Each structure stands twice: as C-alpha cells, then as structure tokens.
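The residues making up each chain are set out below.
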Amino acid sequence: MDFDKIVAGVKMMIDGIGDDALREGLVDTPVRVAAIWKSFFDSENISDKEILKLSFGAENYGDFILVRNIQFSSFCEHHLLPFFGKISVAYIPKNGSVVGLSKLARVVAKYSKRLQLQERLTRQIADAIGQHTANGGVFVLVAARHVCMTARGIVQPGAEVITRAMCGEFLLDKSIVADVQQLIFSANG
Ligand SMILES: [Zn+2]
C-alpha cells in the first residue's frame, strides 16, 4: 500500500471541495485519513485454503453449523463510503471435518477489507467456504447499512440491505434454508 499517495489524494480532495488544506483543523487530516484507510484495506495475504484448513473431526455430525451475526465493515466501491453490519454463515461439513469457528470470521474479514459490492462479498464468502470446507453446502446472509444510501437521504437511516448466497444442500432443500433463516432472524429479534 502506498501511504504517501493516499495522503496526496486526500489533500487534493480537500482542495477540490474548496476548503483550505493548510488550516489548523485540516492540516493533519490527510495523514489521519491515510492511517485509517490503511487499517480498512490491510487484508490478510493468505489463501482461503490456508485459512480454512480442516482441523477438527466431528465424527458423525451431518447437520449444518451456523455462525450467526459476525460483525463486519467494508467499503462500497461505487462511492468509497463504508457499509457495515452482520454476516451469518452456515455450512454442512465435509466428511465430518469442521473448521475452527474463528476461521469463518477470518474469511469474512479477508473479503471485507477491500473495495467491494455487498452482492460480490456475499458470493465470495460462500464460494471460499464451499470450495474448502463444505461439500454439503453453504449459506451466507449479509445484512448491511450503506452510508452512501443513508447519508444522502435516499433511504431512511436504519434501512438494511439483505443479500444471500448458497450452494449444495441449501439450494435443494428449502426447509434447511427456512431453519437457518429463522435462527438468524430470531437472534435479531
Ligand atoms: Zn455506494
């Protein structure tokens, strides 16, 4: 990541809106923005396979495993503004092998820390987990608020965008999808 380029870019934006980038309140802003952007986009440079190494035997466990309400924040690639919320992931384990539960949150973080679209983020998480963990199926549901929508007053503050992606058993059996969604939405009361 090129820190100095981000600093220069923020200075230009401040100039562009007609404010004085050298006045007291703004003089350190480009460096502060660059530092926070670095934290937004500093994603883990590690393959999905490495993150999702199968690690535990679950014997005869054949039902789904759901991790609900993983907090995330990402950046809308159309407006360079945050969107954030909760992601729930369910999967049916491969040959009785399950991954450590924190691994799912690491996949969420990896795909969140980049310029994104909510729809793509949803699909990428499902694909990563489907390829390396869950040949029985994956279900991902993302509920997010987008600053680009709410700040302009087009959508009321608090409006959420819901996206989902699934594969395997979840596409074939609507009752599993209903069970998982009920568990997710009941937690959000
Ligand atoms: Zn946007």
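It should be noted that the structure appears before, not after, this text.
In this text the structure is predicted, and so the values were computed from the model without any measurement. Throughout this document, residue positions are counted from 1 along each chain, in the order its sequence is written. Given that the model is predicted, a residue must reach a pLDDT of at least 70 before its local features are reported, and side-chain atom pairs must reach 80 or more before they are shown or counted; all residues, however, enter totals for whole chains, interfaces and linings. To obtain the side-chain values, all non-hydrogen atoms of the structure were included, while hydrogens and water were left out.

### Looking at the coordination of the zinc ion
Stated precisely, the cut-off is as follows: The donor definition counts N, O and S atoms within 2.8 Å of each metal and applies 3.2 Å to Na, K and Ca; water is not among these atoms, so some sites may look incomplete. Accessible area is worked out with a 1.4 Å probe on protein chains only. A residue is then buried under 20% of its type maximum, exposed over 50%, and partly exposed in between.
Protein coordination of the zinc ion is provided by Cys76 (SG), His79 (ND1) and Cys148 (SG), with donor distances spanning 2.1 to 2.2 Å. As a motif over one chain, the donors of the zinc ion read C-x2-H-x68-C. Residue Cys76 is classed as buried on the basis of its relative accessible area of 6%. For His79, a relative accessible area of 38% gives the class partly exposed.

### Section: helix α1 (residues 3-16)
At 3.6 residues per turn, the α-helix brings residues three or four places apart onto the same side. Short version of the rule: Only DSSP runs of H or I with at least four residues qualify as helices, and only runs of E with at least two residues qualify as strands; both kinds are numbered from the N terminus onward. A helix is expected to reach a length of 1.5 Å times the quantity of its residues less one. Contacts are residue-level and defined by heavy atoms, with any inter-residue pair within 4.5 Å sufficient. Whenever a nitrogen or oxygen atom comes within 3.5 Å of another N or O atom, the pair is scored as a polar contact, on the condition that within protein one atom can donate a hydrogen and the other can accept it, and that pairs from neighbouring residues in sequence are kept only if both atoms are in side chains.
Taking 1.5 Å as the rise per residue, α1 with 14 residues should run 20 Å; its terminal C-alpha atoms sit 20 Å apart, in good agreement. Those residues of α1 that are buried are in contact with α2 (29-41). The N-capping residue of α1, defined by a side-chain oxygen 3.2 Å from the backbone nitrogen of Asp4, is Asp2. Two residues or fewer after α1 comes Gly18, characterised by a positive phi angle close to 90 degrees.

### A few points about the pattern of salt bridges
The following threshold applies: Salt bridge, as used here, is a side-chain nitrogen of Lys or Arg placed within 4 Å of a carboxyl oxygen of Asp or Glu.
All chains considered together, the criterion is met by six salt bridges. Here Glu77 and Arg120 are joined by a salt bridge, their closest N and O atoms 2.9 Å apart. You can see Glu77 sitting in the loop between β2 (65-76) and β3 (81-92) and its partner Arg120 sitting in helix α5 (residues 118-132), a full 43 residues away along the chain. Exposure remark for Glu77: the relative accessible area of 30% places this residue in the partly exposed category. The partner of Arg123 in a salt bridge is Asp127, and the shortest N-O contact between them spans 3.2 Å.

Remember, this is a structural readout, not a statement about activity or role.
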